[in-house]
Amino acid sequence: MRELPPLGEDTVVRLSRQGGFAPLHALSKPREIEFGQYDSAQRGRICSVLERCLPESGEPTQVGRGDQRYFKVELRFRPQPAAQEDELTLLIPEDRAPSELVRLWDKGLVE
């Protein structure tokens, strides 16, 4: 089973909605979340949402077919403080996305 890497204060999460017959940039509504702007409890809630997405994440060839929309979650992080930046991308079909991910993308909130 996939696991999230350790995500520190320098982590950046970029969320967008992709796909559909008429993909419009305005509808993708990209949102960027910088972990350094949140306290540890809020970061923990964001990580919890991301962990719930891992089992739903598919390969690029499995999502976005036809008119299917999906969420693209791009993580930029440093596995260790002095390490080079790394990336992880998750693709979650819209119909299998946890409601918390939709709220995080739409409002930037995690409750």
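Our subject is the structure that appears above.
Residues numbered from 1 in each chain as written. Predicted model: local features only at pLDDT ≥ 70, side-chain atom pairs only at ≥ 80, totals over all residues. Heavy atoms only, no water.

1. Here's the deal with the side chain of S57
We apply this condition: Secondary structure elements follow DSSP: runs of H or I no shorter than four residues count as helices, runs of E no shorter than two count as strands, and numbering proceeds from the N terminus. Remark: exposure states derive from per-residue accessible area (1.4 Å probe, protein chains only) relative to the maximum for the residue type, with buried under 20%, exposed over 50%, and partly exposed in between. Pairing of N or O atoms within 3.5 Å defines a polar contact, subject to two protein rules: one partner must be a possible hydrogen donor and the other a possible acceptor, and residues neighboring in sequence count only if both atoms are side-chain atoms. Every residue pair with non-hydrogen atoms within 4.5 Å of one another is taken to be in contact.
Along the chain, the position of S57 falls in the loop between α2 (40-53) and β3 (69-77). On the accessibility criterion, S57 (15% relative accessible area) is buried. Polar contacts involving the side chain of S57 include one to the main-chain amide nitrogen of L91, which spans 3.4 Å. Every residue in contact with S57, bar those within four places of it in the chain, is listed here: R2, L90, L91 and I92.

2. Details of the sheet that holds strand β4 (residues 86-93)
Note the threshold: Each pair of strands is called paired provided DSSP finds at least two bridges between the two strands. Axis angles are defined between N-to-C directions and span 0 to 180 degrees, where every axis is a line fitted to C-alpha atoms and, for a helix, only to the segment in contact.
Read from one edge of the open sheet, 4 strands run β2-β1-β3-β4, paired in antiparallel fashion. Each edge of the open sheet is held by one strand with a lone partner, namely β2 (31-34) and β4. Strand after strand, the sheet turns through a mean of 20 degrees between neighbouring axes, direction not considered. On the sheet, α2 packs against β1 (12-19), β2, β3 and β4 and is oriented at approximately 60 degrees with respect to β4.

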